[in-house]
Every structure is written in structure tokens, then in C-alpha cells.
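Each chain, written out:
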Amino acid sequence: QLYDLMTMAFKYQVLLCPRPRDILLVTFNHLDAIKDFISDSPGILNQVDETFRRLIETYNCLSDGEFQLIRQTLLIFFQDMHIRVSLFLKDKVQNSNGHFVLPISGPVPWGTEVPGLIRIFNHKGVEVKRAEFTTAGNYVTPQREGSFELYGDRVLKLGTNMYSVTRPVETHTSGSSKTLASQAKENIAPNPLAKEELNFLARLLGGLDIQKPAGGDTGFRLNLFTSDEEEEHAAQTRPEELSYKVINIEATQEPGRRAELSRILGELEVEEPRPGSAEKGEDLLALMDGL
């Protein structure tokens, strides 16, 4: 599973590279993260720096066409891998079939212009006409190019820690209330299946004739969480527009349904374990013979 996560994350990073040369920046981000891990080990740090220098010496001199060939070779290797990753599914950057959803907005590659303008030149190379068109995406020009040196700002965030960004997950840390509220507002429409399941539970409970002890509680509590603390925390962090009232379950006494459920409960008999029974293997064989 760790290998699958690594391969799909790297595939997504290669797909999102604005230009083929930025694959080298992704690699430098990986090495920068390794240097942070080993900052207190000078010997290993020197080895990573030497790897940096060799990468710069080998790949900085390549042309854009050669980087494009490297990028296409990597994508051909990953093209049949469609493993679903929970992090990507939650961020809606991956479909249920494992295919990635690529954005149509954001910064354009360094050295290019924002789409929306067509220039027409004559045979002498002089611009003679311009035409503008609207684009479906919201493009911006990058402020600067990432550093391809041993030290510097890579600008590109691909290749950094995917889990370092705050995400809308159900946690109990500080700030989770705001995250949960924003996530709930996006999914403001209630799930109709949840209501149907509660109605089905009400129909089942409505046909049971339960004898309650005198002076006891005449109702029951349906807890959707593992503990009362989580139940109270969810009630506090839930947005006001999603705080629905109590769902009443009508426990009507229908004679036909009550008789049917009583008959089913009477057939559910649990036999006591036989004393001095043989080993579990013999019990399993006896069960199979009975089938």
C-alpha cells in the first residue's frame, strides 16, 4: 500500500508539472525533504548534496525536448496504474475509477503568457493583427521561476509533503470546527438514504412489544458515535443550518407485525455449549456434516 501511494502521488506530480523541465524541481523538492530529515547528520548530508550536484550537472543542460521525452516516458510507465488513494479521493482530484482530475486554472508555465490573445504576423515577422478570446480557466502568470541550484526557492510545491496542508478531515484538533462547518456547507443537501434507514428502523421498532421495568426510562438513545464525548463534540461543531430536530419514531402496536416478529424471535434459539466437547476441529467437521 505504501508503494501504491508513492507511485500514484508521483504520477499526479508528473501530470501537474506546468512544463517538462519542472520535473527536476519536483526531484529537488524530494531531496530538500530528505535534507530536513538528516540535518543533524553531516556525513549523510554531504552525500545528499553530492547527489544534488550530480543531478544539476547531468540534467540542467538538457533541452526542453529532452525533458518532454523524460516526462512522456514516465507517464507511459504509470499509464496503467489507476490505484485509488483516499487522500486524492477526499480532495476530489481523483475519480472513483482511479483517473486524476487535472485543473484548468492556475499559473501558466514559466516563460509563457496567459491564454486569451492571438497574434497574427506577416511574412516579414511583423505583427499585423490581434484577436482576443475567452478561456474556460482562470490563469495567472507565475511571479518567478523556481531555483535549479543547490539551495534556493523551488517555487513549485509539487514534491513536497502532501499531508502538511490542512485538509477537511474529521479530527478533534484546534480549528476542526471551522473545517467541519465549511465542509458541511458544501454538502448542505441531506442524504435521503439516511432518512429511509431511520424510517426502516422505526418500522422495526414499532412492531415490538417491549416490557420496560417500572420506574425505568421509557425511551432509548441511538448513538451514532463510539462514545458520548464524540457525540457531544459533533453536536457542538455542527453548523446551525444542519442541526435538525429530534426524529420521532412512532412505536405503534400493529397486531400482525407484532405476531410476525414474535414468531421470528421465538425461532432464534441459542444452544448452550456442551460440556466436555471435543476440539474445535471436530465441531467444525460436525457442522459441515450437518450441512
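Residues numbered from 1 in each chain as written. Predicted model: local features only at pLDDT ≥ 70, side-chain atom pairs only at ≥ 80, totals over all residues. Heavy atoms only, no water.

Looking at an unreviewed UniProt entry, one finds the protein named OSCP1 protein, with Tychaedon coryphoeus as its source organism.

### Regarding unusual backbone geometry
Not every positive phi belongs to a glycine, and lysine 92 is a case in point at roughly 60°. Positive phi values are uncommon outside glycine, yet valine 155 reaches one of about 65°. In this structure, valine 155 sits in the loop between strand E4 (139-140) and helix H6 (176-186). You can call valine 155 partly exposed: its relative accessible area is 31%. (Helix = DSSP H or I, 4+ residues; strand = E, 2+ residues; numbered from the N terminus. Buried < 20%, exposed > 50% of the residue type's maximum accessible area, 1.4 Å probe, protein only.)

### Notes on the packing of aromatic side chains
One pass over the full model with this rule turns up 6 aromatic pairs. Residues phenylalanine 77 and phenylalanine 78 carry aromatic rings whose centres are separated by 5.1 Å and whose planes lie at 75° to one another, so their mutual orientation is edge-to-face. Between the aromatic rings of phenylalanine 88 and phenylalanine 100, the centroid separation amounts to 5.5 Å while the plane-to-plane angle is 75°, which identifies the pairing as edge-to-face. Taken as a pair, phenylalanine 88 in helix H5 (residues 86-90) and phenylalanine 100 in the loop between H5 and strand E1 (106-107) lie far apart in primary sequence, 12 residues in all. Given the relative accessible area of 13%, phenylalanine 100 is considered buried. The rings of Phe10, Phe77 and Phe78 are connected pair by pair, giving a single aromatic cluster. (Phe/Tyr/Trp six-rings, centres within 6.5 Å; stacked < 30°, edge-to-face > 60°.)

### Let's talk about helix H4 (residues 64-78)
In this model H4 runs 21 Å from its N-terminal to its C-terminal C-alpha over 15 residues, within 8% of the 21 Å that 1.5 Å per residue would give. All buried positions along H4 are accounted for by Phe67, Arg71, Leu75 and Phe78. Projected down its long axis, H4 carries its buried residues within an arc of 75°, all on one side. With respect to the buried face of H4, the exposed residues turned more than 90 degrees away are Gly65, Leu69, Ile76 and Phe77. The elements touched by buried residues of H4 are helix H1 (2-16), helix H2 (22-37) and helix H3 (42-59). (Expected span 1.5 Å × (residues − 1). Arc of directions from axis to C-beta. Contact = heavy atoms within 4.5 Å.)

### A few points about H1
Three- or four-residue spacings in an α-helix give side chains the same orientation, since the helix completes a turn every 3.6 residues. Look at H1: 21 Å from first C-alpha to last across 15 residues, which is about the 21 Å you get at 1.5 Å a residue. Taken together, the buried positions of H1 are occupied by Thr7, Met8, Ala9, Lys11, Tyr12, Gln13 and Val14. Where the residues of H1 are buried, they touch H2, H4 and H5.

### Topic: the nonpolar core
Phe28 and Phe52 are the most contacted members of the largest nonpolar core, which has 18 residues in total. The set of elements that each furnish at least two residues to this core consists of H2 and H3. Sorting elements by how many residues they give to this core places H2 first, with 6 residues. Beyond its immediate stretch of four places on either side in the chain, phenylalanine 28 contacts Phe52, Leu55, Ile56, Ser147, Phe148 and Arg154. (Core = buried A, V, L, I, M, F, W, Y, C linked by side-chain atoms within 4.5 Å.)

### Focus: the pattern of salt bridges
On inspection of all chains with the given rule, the structure shows 10 salt bridges. Between aspartate 49 and lysine 35 there is a salt bridge, with its nearest N and O atoms 3.2 Å apart. A residue pair is termed long-range when its members are at least 10 positions apart, and aspartate 49 in helix H3 and lysine 35 in helix H2 qualify at 14 residues. Accessibility expressed as a relative area gives 6% for aspartate 49, which makes it buried. (Salt bridge = Lys/Arg side-chain N within 4 Å of Asp/Glu carboxyl O.)

### A few points about the side chain of arginine 71
Here arginine 71 shows up in helix H4. Buried and unpaired, arginine 71 has aspartate 22 as its nearest opposite-charge partner, separated by 8.7 Å. Sequence-distant contacts of arginine 71, defined by excluding residues within four places in its chain, comprise Val14, Leu15, Cys17, Pro20 and Ile23. (Lys, Arg positive; Asp, Glu negative; His and termini not counted.)

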